[in-house]
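Understanding the architecture of this molecule
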Amino acid sequence: MLKVIECLDIELIGRLRQAHLGRPMDGRDNFSWQALLTDDGRPAGTGRFYRRGEDLVIDCVAVEPSAPPQYYDLLFRTLLFKAVSLPAARICAAEERTDGFYAAFGFQKKGSEWAVLPKDVVFPSSC
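A brief structural summary.

Reading the values: the criteria
- Residues numbered from 1 in each chain as written.
- Predicted model: local features only at pLDDT ≥ 70, side-chain atom pairs only at ≥ 80, totals over all residues.
- Heavy atoms only, no water.
- Core = buried A, V, L, I, M, F, W, Y, C linked by side-chain atoms within 4.5 Å.
- Buried < 20%, exposed > 50% of the residue type's maximum accessible area, 1.4 Å probe, protein only.
- Helix = DSSP H or I, 4+ residues; strand = E, 2+ residues; numbered from the N terminus.
- Contact = heavy atoms within 4.5 Å.
- Phe/Tyr/Trp six-rings, centres within 6.5 Å; stacked < 30°, edge-to-face > 60°.
- Polar contact = N/O pair within 3.5 Å; in protein donor to acceptor, adjacent residues only side chain to side chain.
- Disulfide = S-S within 2.5 Å.
- Salt bridge = Lys/Arg side-chain N within 4 Å of Asp/Glu carboxyl O.

Brief notes about the nonpolar core
Generally speaking, soluble globular proteins have nonpolar side chains that are buried together. Ile58, Phe76, Leu79, Leu80, Ile91, Tyr102 and Phe107 are the most contacted members of the largest nonpolar core, which has 26 residues in total. With 7 residues, the single largest contributor to this core is helix H2 (residues 69–84). Leave out the neighbours within four places in its chain, and Leu80 touches Ile58, Ile91, Phe105, Phe107, Val121 and Phe123. Judged by nonpolar contacts, the second largest core, of 5 residues, contains Cys7, Leu12, Leu16 and Leu36.

Structural notes on the packing of aromatic side chains
In the structure shown here, the tally under the stated rule is 12 aromatic pairs. Ring plane angle 65 degrees and centroid distance 5.2 Å describe the contact between Phe76 and Phe105, whose orientation is recorded as edge-to-face. Within this pair, whereas Phe76 is found in helix H2, its partner Phe105 is found in the loop between helix H3 (101–104) and strand S6 (108–110), the two being separated by 29 residues in sequence. Phe105 shares its class with Phe76; the two are buried. A ring pair is formed by Tyr102 and Phe107, whose centres lie 5.8 Å apart and whose planes are at 45 degrees; its orientation type is tilted. For the residue pair Tyr102 and Phe107, the accessibility class agrees, reading buried in each case.

Here we look at the side chain of Asp73
Examined against the element boundaries, Asp73 turns out to sit in helix H2. Note on Asp73: relative accessible area 14%, which makes it buried. At 2.6 Å, the side chain of Asp73 and the side chain of Arg77 are in polar contact.

Observations concerning the state of the cysteines
In the structure shown here, the tally under the stated rule is 0 disulfides. Between Cys7, a cysteine without a disulfide, and Cys60, which holds the nearest cysteine sulfur, the sulfur-to-sulfur distance is 14 Å. The buried category is assigned to Cys7, whose relative accessible area is 7%. You can call Cys60 buried: its relative accessible area is 1%.

Considerations on the pattern of salt bridges
Enumeration according to the criterion identifies 12 salt bridges in this entry. We note a salt bridge from Asp29 to Arg17, for which the minimum N-O separation is 2.6 Å. Of this pair, Asp29 sits in the loop between helix H1 (10–21) and strand S2 (32–39) while Arg17 is found in helix H1, placing the two residues 12 residues apart along the sequence. Overall, Asp29 belongs to the buried group, its relative accessible area being 3%. Take Arg17: its relative accessible area is 1%, and that puts it in the buried class.

A few points about the environment of Lys109
Topologically, Lys109 is positioned in strand S6. In this structure Lys109 comes out as partly exposed when scored by relative accessible area, which is 36%. Taking the C-alpha atoms as reference, Lys109 lies 23 Å from Ser32; in sequence the two are 77 residues apart. Here the side chain of Lys109 touches Glu96 through a polar contact of 2.8 Å, side chain to side chain.

Here it is as structure tokens:
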């Protein structure tokens, strides 16, 4: 069973991020809401969001390379759902994607990021 939970185990998050994104932990991690995707209790992915001024930024979303695309979708939707519940001027997605994924949620390209006003977020039936 797939499950997304808040994760306070920074070492686990660090290992998953390094393994799936090739990126280490950074200074934002201590101030981020960290999510962990599990598949039958086994860690399968991670992601975070943090406050940057008035905005919330979703980044470092990563799942096992062999995982179905639905895993990334579920993890991103959970992060976005949580972000929408908090006050923010905009919600930004900092990862680069060119497949229309972010646009399906109402995000628009703004420089190197995708951004959406919380009131304009859309949760499509599938991505």
